[in-house]
Amino acid sequence: MVVPGDVSSAEQAGPGWVGKLHWSDIVVIVLYFVFVIFVGLWAAKKSKRDSLGGYFLASRSMHFSLVGASLFASNIGSGHFIGLAGSGAANGIGVAVFELNAIFVLIMLGWLFVPVYTAAGVFTMPEYLRKRFGGQRIRVYLSVLAILLYVFTKISADLYAGAIFIEQSLHWNLYASTAILLFIAALFTITGGLTAVIWTDTLQTIIMIIGALALMVLAFIKVGGYNNAINIFFHSIPDTTIYNNTTCGLPPANSMNLMRSISDGNYPWTGMMFGLTISSVWYWCSDQVIVQRALAAKNLSHAKGGCILAGYLKVLPLYLLVFPGMIARILFPNEVGCADPDVCYKLCGSRSGCTNIAYPWLVLELMPHAARGLMMAVMMSALMSSLTSIFNSSSTIFTVDIWTRIRKNASEMEQLIVGRLFVIILVVVGILWIPVIQASKGSELFVYIQSITSYLAPPVCAVYVLAIFWKRINEPGAFWALMVGLVVGLIRFAWEFSYSSPACGEEDTRPNIITNMHYLHFGILLFFITAIVAVVVSLLTKPIADKHLHRLTFWTRYSEEDRIDISEVEESNDVKHDTQPHTERNGTKETDQLSHSTKLPWWKQVINFVCGIKTEEEQAQEPVLTQDEIRELEKKGNDISESTRAKWIGNINAIILMTAAAFLWGFYA
């Protein structure tokens with residue numbers, strides 16, 4: 001058996017090696033990062049970063065190819081490279097259902113949800129609920145919940161996955177390497193806003209696909225092709241299983257099936273068909289990280305095109321990540337497929353298994369010099385892509401949904417600066433979270449993230465679905481449904497994680513409700529509990545008048561009647577008591593204080609560039625728009641009309657995409 005590093009250990013002891021990487025690998029990594037930084041700064045210079053629409057929604061000017069690539073890159077992070085390959089090594093192709101299911105939900109995003117969000121003219125998802133229901137408690141609750149989920153699930157999962165790869169390949173100091181990655185990711189977000197993020201996402205998507213494709217080809221060649229890989233996988237058994245006459249460490253008999261028994265502990269078909277769809281609708285159709293990319297499209301046709309492109313790309317992980325993970329188990333059965341807790345702990349520091357090291361070991365063993373560096377760049381770019389997306393979206397939510405509640409008359413320039421400062425806070429929190437990530441080592445992180453989603457996402461999903469498709473739901477119904485859903489979800493979460501999962505061969509002493517109710521099945525139950533509460537409370541309380549709902553539901557998305565936002569009505573009393581008009585406070589007075597004369601010291605010019613602050617001379621060159629012109633631009637930005645040709649092209653491609661996904665699902669059923 002060949003173990004990564006053993007073959008070249010003599011070489012690595014000599015000059016020209018850093019950890020397990022050759023000097024040529026380091027050169028490729030450095031050149032890649034220089035190129036990405038150049039692209040990010042070029043996009044930052046090119047973009048309109050001195051307005052909320054420019055910084056947070058890329059001025060709604062993105063081509064469908066950039067939107068689709070950004071949707072894919074924002075979703076596929078280091079956690080997918082480590083998690084999908086690791087799950088493939090442990091349980092076969094079943095985990096690919098997460099990717100195929102997303103294809104259908106992406107079509108829902110482009111055809112059902114984005115038209116409403118665009119017509120409503122919103123920046124963030126909590127802002128949509130504010131316009132839809134009025135009040136502040138739902139918007140603030142969801143804003144805080146979203147930021148907490150970003151920090152403690154998405155950021156932590158990606159950092160953990162990136163840390164595994166860095167530890168396996170470079171043996172660098174974990175804190176220093178992770179801090180550098182966080183710094184570079186934050187630099188892109190702070191300086192460029194969403195335009196820089198989308199451009200770097202596009203570049204990194206190309207690098208990710210090329211690198212993963214090369215490794216997939218090498219992996220299949222190594223084991224003699226596709227058919228041979230499938231046959232050998234079922235015989236990839238660790239020595240501890242053979243010698244100890246135990247079933248621990250055996251590949252599941254249904255490893256090549258996507259549709260599995262309802263009692264399957266990993267991927268029951270009912271949970272994957274219905275429970276996963278609920279979680280996916282929350283993630284793809286109401287999560288700020290994802291929806292923000294679709295809203296940045298230049299029009300609805302490009303938003304739909306971006307969703308279709310992302311859907312086609314979602315077919316790739318099955319072949320680029322899951323199958324290579326299975327091949328890693330074939331090549332390293334004692335390491336990747338280890339089943340003895342003591343042996344696993346010595347290998348990877350986890351007693352529950354070492355399948356997470358599948359992809360890093362594959363890279364280090366199969367890739368030649370320089371190409372290995374390219375794959376390192378792919379992994380770090382996946383990490384940075386996910387982090388830049390989270391940083392930008394979190395700063396958007398904090399600035400638009402929370403800061404404006406603290407400082408009601410904050411100028412637009414102040415909001416831009418606060419958004420950038422909040423990114424810095426997220427970086428600090430991310431670094432401080434590293435010890436927790438290290439303490440959480442184990443093969444259960446991917447399952448942990450999915451289960452957390454099933455405990456917290458279904459109530460939010462239910463409220464968004466009802467808000468879009470049922471005009472009768474009101475603020476009390478939505479709020480109390482969210483509260484009931486949160487309590488029920490937290491009870492199940494605390495109950496389940498108060499027990500530790502038994503190792504293979506040990507007796508399971510957990511309650512039946514935990515062992516027999518899969519987390520995806522619980523998500524279905526939680527969704528319907530929330531929906532029932534929302535419907536009952538809404539029917540027992542006062543409905544929202546139609547004048548407040550124009551262009552806020554799917555059925556009124558084309559309405560041309562003037563909408564009176566509930567939020568504006570509720571804030572009218574506060575405005576009456578405001579002695580200084582809001583428009584004046586946002587006007588030239590504060591801008592002049594921030595924009596000094598053009599003869600500034602170099603260090604102030606750098607600060608102004610980072611914060612998107614223009615000089616007086618630059619501002620004087622910009623045209624001054626009247627209120628009518630501003631309203632006309634807003635109306636154009638919120639337009640959801642499509643040409644007949646674009647609509648047909650989008651619909652036909654959507655049908656082709658869903659047919660292809662259904663074929664794959666049936667082929668591997």
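Residues numbered from 1 in each chain as written. Predicted model: local features only at pLDDT ≥ 70, side-chain atom pairs only at ≥ 80, totals over all residues. Heavy atoms only, no water.

Can you explain the side chain of glutamate 642? Please cite residues and give values.
Within the fold, glutamate 642 resides in the loop between helix H30 (627-637) and helix H31 (644-667). At 2.8 Å, the side chain of glutamate 642 forms a polar contact with the side chain of lysine 304. (Helix = DSSP H or I, 4+ residues; strand = E, 2+ residues; numbered from the N terminus. Polar contact = N/O pair within 3.5 Å; in protein donor to acceptor, adjacent residues only side chain to side chain.)

For helix H8 (residues 137-169), give the residues involved together with the corresponding values.
The end-to-end C-alpha separation of H8 is 47 Å, in line with the 48 Å expected for 33 residues at 1.5 Å each. A bend of about 35 degrees at tyrosine 150 is the largest found in H8. Following H8 by one or two positions, histidine 171 has its phi on the positive side, about 60 degrees. (Expected span 1.5 Å × (residues − 1). Bend = angle between axes of the 7 residues up to and from the residue.)

Would you mind going over the pattern of salt bridges in detail, with residue names and values included?
In total, this model carries eight salt bridges according to the counting rule given. A salt bridge links aspartate 25 to arginine 372; the nearest nitrogen and oxygen atoms lie 3.1 Å apart. Note that aspartate 25 is positioned in helix H2 (residues 23-46) and arginine 372 in helix H18 (residues 371-406), a separation of 347 residues in sequence. Between lysine 471 and aspartate 546 there is a salt bridge; the shortest N-O distance is 3.3 Å. Residue lysine 471 is located in the loop between helix H21 (445-469) and helix H22 (475-497), and its partner aspartate 546 is located in the loop between helix H24 (519-540) and helix H25 (566-576); the two are separated by 75 residues in the primary sequence. Of the residues examined, lysine 471 reaches a relative accessible area of 45% and is grouped as partly exposed. Residue classification places aspartate 546 among the partly exposed residues on the basis of a relative accessible area of 45%. Each of the salt bridges in this network shares a partner with another, and the network as a whole consists of Lys131, Arg563 and Asp565. (Salt bridge = Lys/Arg side-chain N within 4 Å of Asp/Glu carboxyl O. Buried < 20%, exposed > 50% of the residue type's maximum accessible area, 1.4 Å probe, protein only.)

Before we move on, could you go through the packing of aromatic side chains and cite the residues and values that matter?
By the definition in use, this model includes 27 aromatic pairs. With a centroid separation of 6.3 Å and 55 degrees between ring planes, the pair formed by tryptophan 282 and tyrosine 283 is classed as tilted. Here the aromatic rings of phenylalanine 398 and phenylalanine 422 are separated by 4.2 Å at their centres, their planes lie at 0 degrees, and the arrangement is stacked. Of the two residues, phenylalanine 398 is situated in helix H18 and phenylalanine 422 in helix H19 (residues 412-432); the sequence distance between them amounts to 24 residues. Neither residue differs from the other here; phenylalanine 398 and phenylalanine 422 are each classed as buried. Against the face of phenylalanine 522 rests arginine 492, its NZ or CZ located 5.2 Å from the ring centre. Positioned above the aromatic ring of phenylalanine 554, the side-chain terminus of arginine 557 is 3.9 Å from the ring centre. (Phe/Tyr/Trp six-rings, centres within 6.5 Å; stacked < 30°, edge-to-face > 60°. Lys NZ or Arg CZ within 6 Å of the ring centre and 35° of its normal.)

Account for the state of the cysteines, naming residues and giving values.
Within this structure, the stated rule accounts for one disulfide. Sulfur-sulfur distance for the disulfide between cysteine 338 and cysteine 344 comes to 2.1 Å. Since a negative S-S torsion denotes a left-handed disulfide, the cysteine 338-cysteine 344 link at about 130 degrees is right-handed. Each member of the pair, cysteine 338 as well as cysteine 344, is classed as buried. The structure places no disulfide on cysteine 285, whose sulfur is separated from the nearest cysteine sulfur, that of cysteine 461, by 8.0 Å. Relative accessible area serves as the criterion here: at 2%, cysteine 461 is assigned to the buried category. (Disulfide = S-S within 2.5 Å.)

Report on helix H12 (residues 269-286), specifying residues and quantitative values.
For H12, with 18 residues, the first-to-last C-alpha span of 24 Å sits near the 26 Å given by 1.5 Å per residue. For H12, the principal kink sits at leucine 276 and spans about 35 degrees. Here H12 lies mainly inside the structure; 14 of its 18 residues are buried.

Hey, could you go over the environment of serine 286 for me, with residue numbers and the actual values?
Take serine 286: it is sitting in helix H12. When the C-alpha atoms of serine 286 and valine 114 are compared, they prove to be 9.7 Å apart, with 172 residues separating the residues in sequence. Contacts of serine 286, omitting those with residues within four sequence positions, involve Tyr117, Met125, Val281, Val291, Val460 and Tyr464. Separated by 2.8 Å, the side chain of serine 286 and the backbone oxygen of tryptophan 282 make a polar contact. (Contact = heavy atoms within 4.5 Å.)

Give me the lowdown on the side chain of serine 255, citing residues and values where you can.
Following the sequence through the fold, serine 255 ends up in the loop between helix H11 (239-243) and H12. For serine 255, a relative accessible area of 0% corresponds to the buried category. Looking at serine 255, its side chain comes within polar contact range of the main-chain oxygen of proline 252, at 2.6 Å. Those residues in contact with serine 255, other than ones at most four positions away along the chain, are Asn91, Gly92, Ile93, Gly94, Phe233, Phe234 and Arg260.

Before we move on, could you go through the environment of glutamate 496 and cite the residues and values that matter?
Summarising the element assignment, glutamate 496 is placed in helix H22. What makes glutamate 496 buried here is its relative accessible area of 16%. Residues glutamate 496 and isoleucine 513, 17 residues apart in the sequence, show an inter-C-alpha distance of 9.1 Å. If sequence neighbours within four positions are ignored, glutamate 496 has contacts with Tyr455 and Ile514.

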